[in-house]
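# Structural overview for review
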Amino acid sequence: MKCSKILDTVYEYSGEESIPLLLHIQVALHTLFCQNCAREINRFYLCRNILREDFLPPSPGLEDSIMARIAALGELQEAEETFEIPGGLTTRGWIITGFVILVSLVTAFFGLEFNNIAGEAGKSFMLPMGITIGIVLTSYGALFIGSHLKELSERFGL
């Protein structure tokens, strides 16, 4: 056999499958007489073994990596739960502010200027005022509930 056929045979059967006996004898006889092929086959096996064992370090188990990320995520969530905005309103402050807004919106109907504007615009002026009051109160209520969701759910057992 030619050197190229011998090397192709060695490369072809370099995986996990074993080389057939007849081909193994042919390769062994050829390498006995051809030092170049013997050297090339030895280099090939040496490189293959290095790549299989030493080239890539063993990777850690997937389970360890996932559990480490879960633990880090839990610590991050605990840190977020304990984070408070300095100078933020307390629940009492939110309620007092809500009453002030409600009273100021309702008393807008009793002002002297309101009567003049309502007299000129007619009853159609009441609809935009009602919509404005509704939007302001609904937005404020949504902000209050959204920012105190945890306290409200604990207080009312939700």
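Up top you'll find the structure we're talking about.
A short tour of the structure in this document, coming up.

Thresholds, definitions, all that
Residues numbered from 1 in each chain as written. Predicted model: local features only at pLDDT ≥ 70, side-chain atom pairs only at ≥ 80, totals over all residues. Heavy atoms only, no water. Axes fitted to C-alpha atoms, helices over the stretch in contact; angles between N-to-C directions. Helix = DSSP H or I, 4+ residues; strand = E, 2+ residues; numbered from the N terminus. Parallel < 35°, antiparallel > 145°, perpendicular 65-115°, else oblique. Contact = heavy atoms within 4.5 Å. Nonpolar A, V, L, I, M, F, W, Y, C, P; charged D, E, K, R; others polar. 1 Å grid on protein atoms, 1.4 Å probe; cavity = no way out; pocket = protein on both sides within 12 Å on 5 of 7 lines; lining within 4 Å. Points joined across faces, edges and corners; volume = space filled by probe spheres on them. Patch = residues over 30% accessible without salt bridge, like charges linked within 9 Å, V, L, I, M, F, W, Y side chains within 5 Å. Areas by Shrake-Rupley, 256 points an atom, 1.4 Å probe, with all protein chains shown as cover. Salt bridge = Lys/Arg side-chain N within 4 Å of Asp/Glu carboxyl O. Phe/Tyr/Trp six-rings, centres within 6.5 Å; stacked < 30°, edge-to-face > 60°. Buried < 20%, exposed > 50% of the residue type's maximum accessible area, 1.4 Å probe, protein only.

Let's shift gears to the packing of helix α7 (residues 126-147) against helix α8 (residues 149-156). For the pair α7 and α8, interaxial distance at closest approach is 5 Å and the crossing angle is 75 degrees. Between α7 and α8, the crossing angle belongs to the class labelled roughly perpendicular. Contacts between α7 and α8 pair F144, I145, G146 and S147 from the former with L149, E151 and L152 from the latter. Of the residues contributing to the contact of α7 with α8, the split by class is four nonpolar, two polar and one charged.

It is worth spelling out the packing of helix α5 (residues 91-107) against α7 at this point. Axis angle and axis distance: for two packed helices, these are the angle between their axes and the distance between the axes, and together they describe the pair. Interhelical geometry of α5 versus α7 gives an angle of 175 degrees and a closest axis separation of 11 Å. The orientation of α5 relative to α7 falls into the category roughly antiparallel. In contact with T91, W94, I95, T97, G98, I101, L102 and L105 of α5, α7 contributes I133, V136, L137, Y140, L143, F144 and S147.

It is worth spelling out the layout of surface pockets at this point. Empty space among the atoms becomes apparent when a probe as large as a water molecule is rolled across them. The volume enclosed by the second largest pocket comes to roughly 160 Å³. Listing elements by their share of the lining of the second largest pocket, those giving two or more residues are α2 (21-33) and α3 (35-54). The dominant element in the lining of the second largest pocket, judged by the number of residues it contributes, is α2, at four residues.

All right, on to the environment of Y45 then. Here Y45 is to be found in helix α3. As for Y45 and V10, which are separated by 35 residues in sequence, their C-alpha atoms are 9.5 Å apart.

Our focus in this paragraph is a nonpolar patch on the surface. A contiguous nonpolar surface patch, about 560 Å² in accessible area, is contributed by I95, F99, L102, V106, F110 and L137. No other element matches the four residues that α5 contributes to the nonpolar patch. Among the structural elements, F99 can be located in helix α5.

The subject of this paragraph is the packing of aromatic side chains. According to the stated counting rule, one finds four aromatic pairs in the structure shown. Residues W94 and Y140 carry aromatic rings whose centres are separated by 5.4 Å and whose planes lie at 40 degrees to one another, so their mutual orientation is tilted. Linking W94 in helix α5 with Y140 in helix α7, this pair joins segments that are 46 residues apart in sequence. Look at W94 and you get buried, because its relative accessible area is 15%. Here the aromatic cluster, defined as three or more aromatic residues joined through ring pairs, consists of Y11, F44 and Y45.

Right, let's get into the environment of T9. Here T9 shows up in helix α1 (residues 3-12). If near-sequence neighbours (up to four positions away) are discounted, T9 is found in contact with I19, L23 and V27.

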